[in-house]
Amino acid sequence: MSPRRPLLARVRWSWPGRGAGPRAGPAVLGGRRVFILPTGRGAALAVLLVAMLLGSLNYRNSLGLLFTFLLGSLATVSALATHRNLADLAVAPGRPEPVFAGQVARFPLRVTSPGGVRRAVAVVPRAWDGRREVLDADPLGTPVLLARPAPRRGRVSLGPLTVETRFPLGLFRAWAVVEFPLECLVYPAPGPRRALPPGQEAGEGGDAARAAGAGDFAGLRAYQPGESLRAVHWRASARAEALLAKQFAGEAGGE
């Protein structure tokens, strides 16, 4: 075996945006799972700091150098605060309730912060264009409910999630990818409610009389969906190429 394969495998799985695979239990966002990069504001601030540094060195402006280093220190502290705001968070999955096709599948989660309140933590689904759920995670656990459309029957999976934050100044974005083997069972959508066909009995007395053949035979009529197959006149239906039901004069309607 080549000695480079384990190293390449570690680099592939530690690449930003890739998770560690589905987990059945809570996922703790350790330091190695949290990635951080500057945002657009952070990149603009970095360019501004470089320009201020070059200008201050060129003109030997001590006050400009002091202000440049002060802003650089604030940006560095902001990066540490952004990373700490997301590190060591625990994300636990819940149990989704079954739904019917055409409804919305809801996946419950709980975000817990062991070291105090974490501000402006966002949970973003990656498998579909879902809504960003922004919350303040506390030590008791903050519930999160992710909604995904379920247009067809079967199973709808949650897919990977991105837990991110830009607190406190928005100069850096820290994120981690978690994935749970959560699936919501989607039942077939029930058909529309229809009224009973006209002239059909809903009581047990009419069904019993028809099954027993009570009363005089009065003729044939069209078969109504939902009736018992015992009322079908099969020979006449075969000649007419349509289902025909026997009608008796002694049939009594029920409530």
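We now turn to the structure provided with this report. Given the structure is predicted, the values throughout are model-derived calculations rather than measurements. (Residues numbered from 1 in each chain as written. Predicted model: local features only at pLDDT ≥ 70, side-chain atom pairs only at ≥ 80, totals over all residues. Heavy atoms only, no water.)

**Brief notes about the packing of helix H2 (residues 40-59) against helix H3 (residues 62-86)**
For step 1, the next point in the chain: Two elements in contact, H2 and H3, have axes separated by 9 Å at closest approach and are oriented at 155°. One element, H2, and the other, H3, form an angle in the roughly antiparallel class. The handedness of the crossing between H2 and H3 comes out as left-handed. In contact with Leu45, Leu49, Met52, Leu53, Ser56 and Leu57 of H2, H3 contributes Gly64, Leu65, Phe67, Thr68, Phe69, Leu71, Gly72 and Ala75.
For step 2, the next point in the chain: Partitioning the contact of H2 with H3 into residue classes produces 10 nonpolar, 4 polar and no charged. (Axes fitted to C-alpha atoms, helices over the stretch in contact; angles between N-to-C directions. Helix = DSSP H or I, 4+ residues; strand = E, 2+ residues; numbered from the N terminus. Parallel < 35°, antiparallel > 145°, perpendicular 65-115°, else oblique. Left-handed = near helix turned anticlockwise from the far one by under 90°. Contact = heavy atoms within 4.5 Å. Nonpolar A, V, L, I, M, F, W, Y, C, P; charged D, E, K, R; others polar.)

**Some remarks on a nonpolar patch on the surface**
For step 1, the next point in the chain: A cluster of nonpolar side chains, contributed by Phe67, Leu70 and Leu74, occupies part of the molecular surface with about 290 Å² of accessible area.
For step 2, the next point in the chain: The residue Leu74 is located in helix H3 in this model. (Patch = residues over 30% accessible without salt bridge, like charges linked within 9 Å, V, L, I, M, F, W, Y side chains within 5 Å. Areas by Shrake-Rupley, 256 points an atom, 1.4 Å probe, with all protein chains shown as cover. Salt bridge = Lys/Arg side-chain N within 4 Å of Asp/Glu carboxyl O.)

**Here we look at the sheet that holds strand S9 (residues 154-157)**
For step 1, the next point in the chain: Taken in spatial order, the 3 strands of this open sheet run S4-S12-S9, and their pairing is mixed. What marks the edges here is a single partner per strand, and that holds for strand S4 (99-100) and S9.
For step 2, the next point in the chain: Summarising the sheet, S9 and strand S12 (residues 183-187) pair through 4 bridges and their orientation is antiparallel. The residue bridging Ser157 from the neighbouring strand is Glu183, located in S12. (Pairing = 2+ DSSP bridges.)

**Here's the deal with the packing of aromatic side chains**
For step 1, the next point in the chain: Applying the stated criterion across every chain, the model contains 2 aromatic pairs.
For step 2, the next point in the chain: Their ring planes at 35° and their centres at 5.9 Å tell us that Phe35 and Trp175 sit as a pair that is tilted. Highlighted residues: Phe35 in strand S2 (residues 35-38) and Trp175 in strand S11 (residues 172-179), separated in sequence by 140 residues. Comparing Phe35 with Trp175, the two get one shared label, buried. (Phe/Tyr/Trp six-rings, centres within 6.5 Å; stacked < 30°, edge-to-face > 60°. Buried < 20%, exposed > 50% of the residue type's maximum accessible area, 1.4 Å probe, protein only.)

**Regarding the nonpolar core**
For step 1, the next point in the chain: Leu29, Leu86, Leu109, Val111 and Leu158 are the most contacted members of the largest nonpolar core, which totals 31 residues.
For step 2, the next point in the chain: Every element with two or more residues in this core is listed here: strand S5 (104-112), strand S6 (118-125), strand S7 (133-137), strand S8 (142-149), strand S10 (160-165), S11 and S12.
For step 3, the next point in the chain: The greatest single-element share of this core, amounting to 4 residues, is contributed by S5.
For step 4, the next point in the chain: Setting aside residues no more than four positions away along its own chain, Leu29 makes contact with Val34, Leu86, Ala87, Asp88, Leu89, Val163, Ala176 and Val178.
For step 5, the next point in the chain: Leu45, Leu49, Ala75 and Phe172 belong to the second largest nonpolar core, which has 6 residues in total. (Core = buried A, V, L, I, M, F, W, Y, C linked by side-chain atoms within 4.5 Å.)

**A word on the pattern of salt bridges**
For step 1, the next point in the chain: Under the defined criterion, the tally for this structure stands at 5 salt bridges.
For step 2, the next point in the chain: A salt bridge links Arg155 to Glu183, with the nearest nitrogen and oxygen atoms 3.9 Å apart. Highlighted residues: Arg155 in strand S9 and Glu183 in strand S12, separated in sequence by 28 residues.
For step 3, the next point in the chain: Residue classification places Arg155 among the exposed positions, given a relative accessible area of 58%.
For step 4, the next point in the chain: Because the salt bridges share partners, they merge into one network encompassing Arg132, Glu164 and Arg173.

**Overview of H2**
For step 1, the next point in the chain: Helix length check: H2, at 20 residues, gives a terminal C-alpha distance of 29 Å against a target of 28 Å (1.5 Å per residue), a fit within 8%.
For step 2, the next point in the chain: Considering only its buried residues, H2 is in contact with S2 and H3.
For step 3, the next point in the chain: Looking one or two residues past H2, Arg60 carries a phi angle of roughly 55°, positive in sign. (Expected span 1.5 Å × (residues − 1).)

**Details of the side chain of Ser56**
For step 1, the next point in the chain: Structurally, Ser56 can be placed in helix H2.
For step 2, the next point in the chain: You can call Ser56 buried: its relative accessible area is 7%.
For step 3, the next point in the chain: Separated by 2.8 Å, the side chain of Ser56 and the backbone oxygen of Met52 make a polar contact.
For step 4, the next point in the chain: The contact partners of Ser56, leaving out residues within four places of it in the chain, are Asn61, Gly64, Leu65 and Thr68. (Polar contact = N/O pair within 3.5 Å; in protein donor to acceptor, adjacent residues only side chain to side chain.)

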